[in-house]
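# Geometric and topological summary
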Amino acid sequence: MTDRQNQLTQNRPPSVAHLFLDRVAATPDDEAFRYPVAAPGGGPDDWASYTWREAADRVFALAAGLMELGVRPEERVAIAAGTSVDWILADLGIMCAGAATTTIYAQTNAEESAFILADSGSRVLIAEDGVQLAKARERRADLPDLAHVVVIEAADAVPAEGDPDGWVLSLADLAARGAARLERKPDCVRETVAALRPDQLATLIYTSGTTGRPKGVRLSQDTWSYMGHTIDAIGLMRPDDVQYLWLPLAHVFGKVLLSAHIKVGGVTAVDGRQDRIIQNLPHVRPTFMCGVPRVFEKVYNGASMKAHGDGALKGRIFDWAAATAKEFARVSQENFRRTGRASVPGALRAKHALADRLVYGKLRALFGGRMRLVVSGSAALTPEIGYFFSGLGIPLLEGYGLTESAAASFLNPLAANRIGTVGKAFPGLEARIADDGELLLRGPGIMQGYHGLPEKTAEALDEDGWFHTGDIGELSDDGYLRITDRKKDLFKTSVGKYVAPTEVEGRFKAVCPYVSSMVVVGAGRKFCSALIALDAEAITRWAGENGVPGTTYADIVAHERTQALVDGYVQELNAGLQRWQTVKRFRVLPRELDVEHGDLTPSLKLKRPVVEAEFRDLIDEMYKD
């Protein structure tokens, strides 16, 4: 750790609320948040802004409003809403009131929402709209601690027969109550923030629940202050950046970006509607964005499909340009490792310049034309995608973290990106590999424990403070981490060979542009097989261009020509695998895997047990003889 990094990460205030007040004092009139506003007549959205001073006025009113409702330090206030500027301001209001935010995905069903509200003991729920209000109302009998529901959409904040007096109010009502309190006690918010301690509970984020009930991860005030200071220390975000934020703020990945933005400054343009990303990027013209691998895979596959759909010549040009981008990134990365200079031979540089004029510039324009870098996290990134983006002039840095480590533990340095790894540990974080290959972490970003689950906490945090991540990894001599698989996902075939399914699945995504998900199975079996879900948009376009009949996704994937197409890619995959890793049989699923069916978590992580249970018949069919 450098002296500057040591100073920035250790000499820090106790909470992100302190960081927020410092930021407002330092740059009160600078633009802080940019958000979409629906245009009359259904046209393209307009965008409005808050300065830091305007954001603080709103945050103080919400914080004082929560105090007026009787919320006390460390009591929980839940947010059930999609990503929006109101989510951000509500979260800051909760923290400036000294309370702790409980996050709930908007897609979470009524049963699990009620479980989280009850398990966390949340006193107030800030609900996006009538849909979220209805979930709480449906389970109100199971929520004795829930004293109020504050609805962001004012038109939906309508009490129903049987609601207790004052149980439902709008966000505007809450802010009005807060404004009245601030008139009586103008220093109430600042005094509350000043009294915050580093070890006080700041956030309860429930794990994605890939297996069983989600667990509430307790993250302290100091955790977020540390994260903000650390991201500033490594220079990932800059004060002149425009960040485009679409990630779910109920997920720890989105939350850590807020801490960094508050510490560093700059602008965050926020819109959680994933179907608007492509339309928004050219308008916002961001310089920085984080995402999950599936987003970058879809961009790559979409560009490839469009080029091939425009004719054989354009398809060949794209393939050549993509191969050139990957080669350019590989060579420059390898030369940097050997010599400290990211140099490439003259012939490759000339070829890359031509590809830039023909292809790369158009792809960069899709991102707004100013993208300085993008970061991928939450799941493993296929190295081929990393090489492609870096080669076309948008450096793609892969990082690693978990909910239990406040999202960010490792990240590739921009100047020394090593694709295929998740980079180096953050300043102040200790990491080591246990005898069985498991990655262990210790440091200020690690959780306090699981809420109300001392036995589970003891399983994850040992007596020396090491957090057992459950991930299998390798650390290079110079500190770069490579994650090879989840410990619980590794399986042994009946012939005694261990298989890391994530590695095989990642390789398939690199060779097959039509895949959306692959699930490799084979525990206790003689060989590996796979369930494969295709990208509906991509395979439908392919079917139309190649005369494959079918009006639905299920019809198209069942056709023999589609099966033959997938088989070709499986054989290409197998050519690069060890014999015991090869996929001997596969089945193309009749639908995509998605959040709505419970196959994926809201952060797009695969729920293997769910998928394997739902498609057990297909799995058994592959092992009949």
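Above this text is the structure in question.
### Side note on the overall build of the protein chain
Helix and strand content of the protein chain: 22 helices and 26 strands. A compact globule built from 625 residues would reach a C-alpha radius of gyration of about 25 Å, and the protein chain, at 25 Å, matches this within 12%. Along the three orthogonal principal directions, the C-alpha set of the protein chain runs to about 70 × 60 × 55 Å. Scored against the burial criterion, the 625 residues of the protein chain give a buried share of 56%. Considering only contacts within the protein chain whose residues lie at least 6 apart along the sequence, 66% involve residues at least 24 apart. Of the roughly 25800 Å² of accessible surface on the protein chain, 50% is carried by carbon and sulfur atoms. Separation of charge centres in the protein chain, based on 72 positive and 81 negative side chains, amounts to 6 Å.

### Let's talk about the environment of Phe-467
Within the secondary structure layout, Phe-467 lies in strand 20 (residues 467-475). Counting along the chain gives 18 residues from Phe-467 to Gly-449, while the straight-line C-alpha distance between them is 9.7 Å. In contact with Phe-467, other than residues within four places in its own chain, are Leu-402, Glu-404, Leu-439, Leu-440, Leu-441, Ile-446, Met-447, Tyr-450, Ala-460 and Leu-461.

### Considering the pattern of salt bridges
Evaluation of the coordinates by the stated rule reveals 34 salt bridges. Salt-bridge contacts for Glu-75 lead to Arg-123; the nearest nitrogen and oxygen are separated by 3.5 Å. Within this pair, whereas Glu-75 is found in the loop between helix 3 (52-68) and strand 3 (76-80), its partner Arg-123 is found in the loop between helix 5 (110-120) and strand 5 (124-127), the two being separated by 48 residues in sequence. Residue class for Glu-75 comes out partly exposed when judged on its relative accessible area of 23%. Owing to a relative accessible area of 26%, Arg-123 belongs among the partly exposed residues under this scheme. Beyond isolated ion pairs, a larger network of salt bridges with shared partners links Arg-294, Glu-297, Lys-298, Lys-509 and Asp-535.

### Brief notes about the sheet that holds strand 15 (residues 410-411)
The strand order 2-1-11-10-12-13-14-15-16 describes an open sheet built from 9 strands, whose pairing is mixed. Edge positions in the open sheet fall to strand 2 (46-51) and strand 16 (424-425), since each of these has one partner strand only. Note that strand 14 (residues 396-400) and strand 15 share 2 bridges and pair antiparallel. Bridge pairing links Gly-399 to Leu-411 in strand 15. Against the sheet, helix 11 (residues 277-284) touches strand 1 (31-37), strand 2, strand 10 (242-245), strand 11 (267-270) and strand 12 (288-291), its axis set at about 170° to strand 10.

### As for helix 4 (residues 85-96)
In this model helix 4 runs 16 Å from its N-terminal to its C-terminal C-alpha over 12 residues, within 8% of the 16 Å that 1.5 Å per residue would give. Among the 12 residues that make up helix 4, 11 are buried, leaving the element largely enclosed by the rest of the structure. Within the span of helix 4, buried status applies to Val-85, Trp-87, Ile-88, Leu-89, Ala-90, Asp-91, Leu-92, Gly-93, Ile-94, Met-95 and Cys-96.

### Quick look at the packing of helix 12 (residues 293-309) against helix 15 (residues 383-391)
Look at helix 12 against helix 15: their axes get within 10 Å of each other, and the N-to-C directions meet at 65°. The pairing of helix 12 with helix 15 is recorded here as roughly perpendicular in orientation. With respect to the hand of their crossing, helix 12 and helix 15 are arranged in left-handed fashion. Contacts between helix 12 and helix 15 involve Phe-296, Glu-297, Val-299 and Tyr-300 from the first element and Ile-385, Phe-388 and Phe-389 from the second. Partitioned by chemical class, the residues of the contact of helix 12 with helix 15 number 6 nonpolar, no polar and 1 charged.

Conventions we followed
Residues numbered from 1 in each chain as written. Predicted model: local features only at pLDDT ≥ 70, side-chain atom pairs only at ≥ 80, totals over all residues. Heavy atoms only, no water. Helix = DSSP H or I, 4+ residues; strand = E, 2+ residues; numbered from the N terminus. Rg over C-alpha atoms; globule rule 2.2 N^0.38 Å. Buried < 20%, exposed > 50% of the residue type's maximum accessible area, 1.4 Å probe, protein only. Contact = heavy atoms within 4.5 Å. Areas by Shrake-Rupley, 256 points an atom, 1.4 Å probe, with all protein chains shown as cover. Lys, Arg positive; Asp, Glu negative; His and termini not counted. Charge placed at Lys NZ, Arg CZ, Asp CG, Glu CD. Salt bridge = Lys/Arg side-chain N within 4 Å of Asp/Glu carboxyl O. Pairing = 2+ DSSP bridges. Axes fitted to C-alpha atoms, helices over the stretch in contact; angles between N-to-C directions. Expected span 1.5 Å × (residues − 1). Parallel < 35°, antiparallel > 145°, perpendicular 65-115°, else oblique. Left-handed = near helix turned anticlockwise from the far one by under 90°. Nonpolar A, V, L, I, M, F, W, Y, C, P; charged D, E, K, R; others polar.

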